[in-house]
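# Structure at a glance
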Amino acid sequence: SSDNEFSGDLIFDHTLTKVTFKARFDYTMYKIRQVQNIRVVIPSSYLPTAWSWSDTAQKYEVSASSTTDNLTLQYPTALAAQDTEYEIGTCYLNLPAGNVGKLTPINLICDLYKFDDAAVFTPNKTYSNMEIQLKNTDGTNVTTAVAGEAYEVVFTFSNDTWTLTAIKKPWQKGGLITIPVDPSGNK
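Residues numbered from 1 in each chain as written. Predicted model: local features only at pLDDT ≥ 70, side-chain atom pairs only at ≥ 80, totals over all residues. Heavy atoms only, no water.

## A look at the sheet that holds strand β6 (residues 86-93)
Strand order in the open sheet made by the 4 strands is β6-β1-β9-β10, with mixed pairing throughout. Each edge of the open sheet is held by one strand with a lone partner, namely β6 and β10 (162-169). With direction set aside, neighbouring strand axes in the sheet form an average angle of 15°. (Pairing = 2+ DSSP bridges. Helix = DSSP H or I, 4+ residues; strand = E, 2+ residues; numbered from the N terminus. Axes fitted to C-alpha atoms, helices over the stretch in contact; angles between N-to-C directions.)

## So, the nonpolar core
Counting 34 residues, the largest nonpolar core has F21, L103, F155 and F157 as the members making the most contacts within it. Elements supplying a minimum of two residues to this core: β1 (17-25), β2 (33-42), β5 (71-75), β6, β7 (102-114), β8 (117-133), β9 (150-157) and β10. Excluding residues within four positions of it along the chain, F21 makes contact with V40, I42, L73, Y86, E87, I88, G89, C91, L103, I132, V153 and F155. (Core = buried A, V, L, I, M, F, W, Y, C linked by side-chain atoms within 4.5 Å. Buried < 20%, exposed > 50% of the residue type's maximum accessible area, 1.4 Å probe, protein only. Contact = heavy atoms within 4.5 Å.)

## Re the environment of T104
With respect to the helices and strands, T104 occurs in strand β7. Put simply, T104 and Q133 are 29 residues apart on the chain and 8.7 Å apart in space, counted from C-alpha to C-alpha. Here T104 is in contact with P43, Y46, M130 and E131, once residues within four sequence places are set aside.

## Topic: the sheet that holds β8
Across the sheet, 4 strands lie side by side as β5-β2-β7-β8; this open sheet has antiparallel pairing. Across the chains shown, the open sheet's two edge strands, defined by having one partner strand only, are β5 and β8. Ignoring which end each strand starts from, the neighbouring axes of this sheet average 20° apart. The pairing of β2 with β7 spans 7 bridges and is classified as antiparallel. Bridging from a neighbouring strand, R39 pairs with I109 of β7.

## A closer look at unusual backbone geometry
Excluding glycine, residues mostly carry a negative phi; peptide bonds, for their part, are mostly trans. Cis geometry marks the peptide bond from T104 to P105, where omega comes out at -5°. You can see P105 is positioned in strand β7. The backbone of D116 sits at a positive phi, close to 60°, despite the residue not being glycine. For D116, the position within the fold is in the loop between β7 and β8. In this structure, N129 takes a positive phi of about 50° despite not being glycine.

## Digging into the pattern of salt bridges
This structure, assessed with the given rule, holds 5 salt bridges. Taking the shortest distance from any N to any O, the salt bridge between E131 and K102 comes out at 3.1 Å. With E131 in strand β8 and K102 in strand β7, the pair connects residues that are 29 residues apart, well separated along the chain. K168 serves as the salt-bridge partner of E149, at 3.1 Å between the closest nitrogen and oxygen. You can see E149 sitting in the loop between β8 and β9 and its partner K168 sitting in strand β10, a full 19 residues away along the chain. A residue is classified by how much of its surface remains accessible, and E149, at 15% relative accessible area, is buried. In this structure K168 comes out as partly exposed when scored by relative accessible area, which is 25%. Here the salt bridges share partners, and the residues they tie into one network are K22, E85 and E152. (Salt bridge = Lys/Arg side-chain N within 4 Å of Asp/Glu carboxyl O.)

The analysis is restricted to geometry; functional conclusions fall outside its scope.
In structure tokens:
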């Protein structure tokens, strides 16, 4: 407000953890199997729904993280080229205080096909209640994931199994930042 102007620098502080999910298939699947319609289901407890001003911290903080609906990220088409990463989706999560560097329970759902035979497939193959251990760039386990960090989770499908990696990545800079202003002069 005009009565309470900013003094000094306005410091931006992330309130969420960024997680990007990707999928790829390796050479062992070439002309043997196909994967498509990949879905990653994030539990509603990770989804922020409201922010409020904290006088103590002098910043906005997530004040509620519970909605009734889970978040489903989807890559609907087939993974076409081997060793290519396809982005399923990016989400911004409110990880609970005291988390142990794991995303849980995450569900992975996909349709599995035999190559060149659409009649032989497993629809909605579900891997339920997965526990994804987040890793630092040096491969060590993250003990507590915090707001402002970014991670990339890659599901790699092979002929008879799949693996995943969940590595900490730099948060890409850019984009618009909206700063709410209260015209009544309150915070």
